[in-house]
Every structure is written in C-alpha cells, then in structure tokens.
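# Notes for the structure review
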Amino acid sequence: MPTILAIETSCDETAVAIGNNRQVCSNIISSQIPIHQQYGGVVPEVASRQHLETLNYEITQAMESSGLGWNDIDAIAATCAPGLVGALLVGLMAAKTLAMVHHKPFLGVHHLEGHIYANYLAEPSLNPPFLSLLVSGGHTSLIYVKDCGVYETLGETRDDAAGEAFDKVARLLKLGYPGGPIIDKLARNGNPQAFVFPEGKISLPQGGYHPYDCSFSGVKTAVMRLVQQLERDGQEISLPDIAASFQYTVVRALTKRAIACARNYGLDTIAIGGGVAANSGLREQLQTAAAEHNIRVLFPPLKYCTDNAAMIACAAAEHFSRGHISPITLGVHSRLSLSQVMKLYELVE
Ligand code: KG4
Ligand code: ZN
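The structure contained in this document is the topic of the report that follows.

Basis of the calculations
- Residues numbered from 1 in each chain as written.
- Chains lettered and ligands numbered in written order.
- Predicted model: local features only at pLDDT ≥ 70, side-chain atom pairs only at ≥ 80, totals over all residues.
- Heavy atoms only, no water.
- Donors = N, O, S within 2.8 Å, 3.2 Å for Na, K, Ca; no water.
- Tetrahedral: all angles 85-135°; square planar, octahedral: opposite > 155°, others 65-115°.
- Helix = DSSP H or I, 4+ residues; strand = E, 2+ residues; numbered from the N terminus.
- Buried < 20%, exposed > 50% of the residue type's maximum accessible area, 1.4 Å probe, protein only.
- Near = heavy atom within 4 Å.
- Polar contact = N/O pair within 3.5 Å; in protein donor to acceptor, adjacent residues only side chain to side chain.
- Areas by Shrake-Rupley, 256 points an atom, 1.4 Å probe, with all protein chains shown as cover.
- Axes fitted to C-alpha atoms, helices over the stretch in contact; angles between N-to-C directions.
- Parallel < 35°, antiparallel > 145°, perpendicular 65-115°, else oblique.
- Contact = heavy atoms within 4.5 Å.
- Nonpolar A, V, L, I, M, F, W, Y, C, P; charged D, E, K, R; others polar.

### Let's talk about the coordination of the zinc ion (ligand 2)
Surrounding the zinc ion (ligand 2) are the protein donor atoms His-111 (NE2), His-115 (NE2) and Asp-307 (OD), at 2.1 Å. Taken together, the four donor atoms surrounding the zinc ion (ligand 2) define angles of 89 to 141 degrees at the centre, an arrangement classified as irregular. Here the donor residues of the zinc ion (ligand 2) share one chain and are spaced in sequence as H-x3-H-x191-D. With a gap of 192 residues between them, His-115 in helix α4 (residues 111-122) and Asp-307 in the loop between α10 (302-305) and α11 (310-321) connect regions that are remote in the sequence. Across the pair, exposure class does not vary: His-115 and Asp-307 are buried alike.

### Description of the site of ligand 1
Around ligand 1, the structure places 18 residues, and the nearest of them are Gly-137, Asp-167, Asp-184, Gly-275 and Asn-279. Here an oxygen atom of ligand 1 and a side-chain polar atom of Asp-167 are 2.7 Å apart. In this structure, Asp-307 approaches ligand 1 through a side-chain N or O atom, which is 3.2 Å from an oxygen atom. Compared with its free state, where it exposes 550 Å², ligand 1 has 88% of that area covered by protein. Mapped by element, the contributors of at least two residues to the shell around ligand 1 are α5 (162-172) and α6 (179-187).

### What about the packing of α4 against α11?
In contact at an axis separation of 7 Å, α4 and α11 are set at 95 degrees when each is read in the N-to-C sense. As judged from the angle between their axes, α4 and α11 are roughly perpendicular. Seen from α4, the contacting residues are His-111, Glu-113, Gly-114, His-115, Tyr-117, Ala-118, Tyr-120 and Leu-121; seen from α11, they are Ala-310, Met-311, Ile-312, Cys-314, Ala-315, Glu-318 and His-319. Residue composition of the contact of α4 with α11, grouped by class: nine nonpolar, four polar and two charged.

See the structure below:
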C-alpha cells in the first residue's frame, strides 16, 4: 500500500499529511482564520504569503511525527485544483520540489476528490458507489461517486455555496467570521419557524424545478430585507430567530435534494464533506430523513471534513496504486470540474 506525503494549500489552511492508503500517519494543519478574521473573509494574497511562511515547518513536523524517513515515502502529492491560484501554487511548487529532490513520483489532486476521500479515512470499508454531499465555503454539490476518478455531478448551487451563505448572512448581521459556527450556535436558542425565507428552487425551461440544484443568494437577500424592514419599523431584531430560520431553510434545501438524489439513483449511502458538515441542524435533519428511507449517512470527524491534507494523501494513494501519476509540468487550475479529474494523470505501467 503506497505511503504518500501530501500538501493542501487551496484556501486558508496550510496542511501537510502523510498517509498510508486509508490510514493517517501524521496530519499537520494550521488555520489562518485568526489572520483573515480582521478582514471579514479570506484575502488571497495574505493566504499565499502565510502558506509560504508555514509550509516548510509543517513538512518537517509531518515527517517527524510520522516516524518515517524519505525512503518510506512512495510519492508526493499536492492539491492543484480548484482554489485560489496563488495559494495552490505554493503547495504545488513545494510538492514538485520535494518530488524532484527525493526522486519520487508526483501527483496533483483535485480538492473535491480529496473531500470525498475524507470519508474513507473515517470508514475504511466504504466503497463506491455512493452519493457525496460536499458543503463547504466554496462548494455545494451532490456527486455520484462511481469509482476512483469517476464522478458525476448531479446537483450543485447556482450561486453561493452553503458555507458562503452562512458567512454572508453572519456578516450582514454583524456577527463575525466565519459565520457558520456562530449562526449554528445562535440558532439553538431560536425559533426556526419565526420567519419564512425562500427555498431557492431552480426553474427548468420546460417547467417545474431542477430536482437537485439549489440557490442560496435569495435566502441571503431575504434576510437582508427582513433586517432592513425591522430596523425601519423600529422593531426588535431577534438574532436567534433569524439564525434559526435561515439555518432551517438552508438545511431543508440540502436535505431534500440529497435524499431525493440518493433515492432516485438507488444509492444507500450519503457521505458528507466540507465545513458545513459541522452544522448541528444539518446533522440532525439529514440523519432523521435518511433513516426514514434506510439510507446510511456518514459524517466524518470534523478534522477530516474541513480542509486537511490527510484526505489529499488518501486520494493520491488510490490513484498511485492504480498507476496514475502527474506530469511534473502540471499547473494549477482555479476551476476544474470533478469530471475532469483524470486529466491530471498519466498512466504509468
Ligand atoms: O471546508 P471548509 O473548512 O473550507 C472550505 O470552504 O473549503 O468550510 C468552511 C465553511 C465556512 O463557510 C464556515 O462558515 C462553514 O464551513 N462552517 C459551518 C459550520 N462550521 C463551519 N457552517 C454551518 N454550520 C457550522 N457549524
Ligand atoms: Zn475544501
């Protein structure tokens, strides 16, 4: 089973991990959240510079805490798409340099494939086919996982990602960044039925609605209008009620689509990934709805749901064991659909 050193720098976490197939040997991560908090969101240039400052130290730490030497490492991997270009480049260049210096094969990894593979770390016996619900600050998608490198996106957001909606609503309510955990906590003391917000359905040209696509920009605007209205009328603004109603709307949209998708495609497992997987409302509503239809829901531990390099090592290990490696000339891509994953590899017999 291959042992991989992997680097993840696609956004605001600098992460290095060593994995042996579906086992984690070391998992180092440093979050930049406190640095970006003062700007109310991730500043790409600041993120790249921060990756540069912490990466070498983390590589040393990952090697030391794994107890392995360079001879034990079979290949070096880095996230190469999608993400912030400058941030991705830092990790990719570091991985290529390590690969060249230590004469190891190099693999570029698709960040979302990494999020899917996080589920194998928590549940090593898991195997395709299954449905993956990816809900993070940058992505919201329902993915039919058919095999390693074989994905079909069945549904996605047409505008804001779910986590982005949480962050934007928290910003307009002046609650701070990142908004998800703050809204989640406030919502526990609020009434989810206090306000009715739109669900964000996507109309189809032939009539009806897209069964799996969603939209979160409407609910964000509705919250903004409500706050403006309450302020104009001099009424009290109950933050817990707004938080609970907003969260309920987002979670209901995600739950409905995930369950419909799994049922229509005959998939008995929904595997979750991304930071929004931490949301207590999502965990509760999705698990309850899934149980009614005998669908299993996997929520990996949070350290593997949010951005980390262990999931990148796990995805790279599977590709490597199938003879896939990347050309050393591989570049970064700010956008790359999951259906294009195999373009990152050459087959080496
Ligand atoms: O996966 P992640 O760590 O980073 C990427 O975006 O790739 O996800 C971060 C997102 C943020 O938008 C954050 O607000 C959201 O996950 N989040 C939550 C919760 N914890 C984090 N959203 C809702 N409820 C939470 N408890
Ligand atoms: Zn992510």
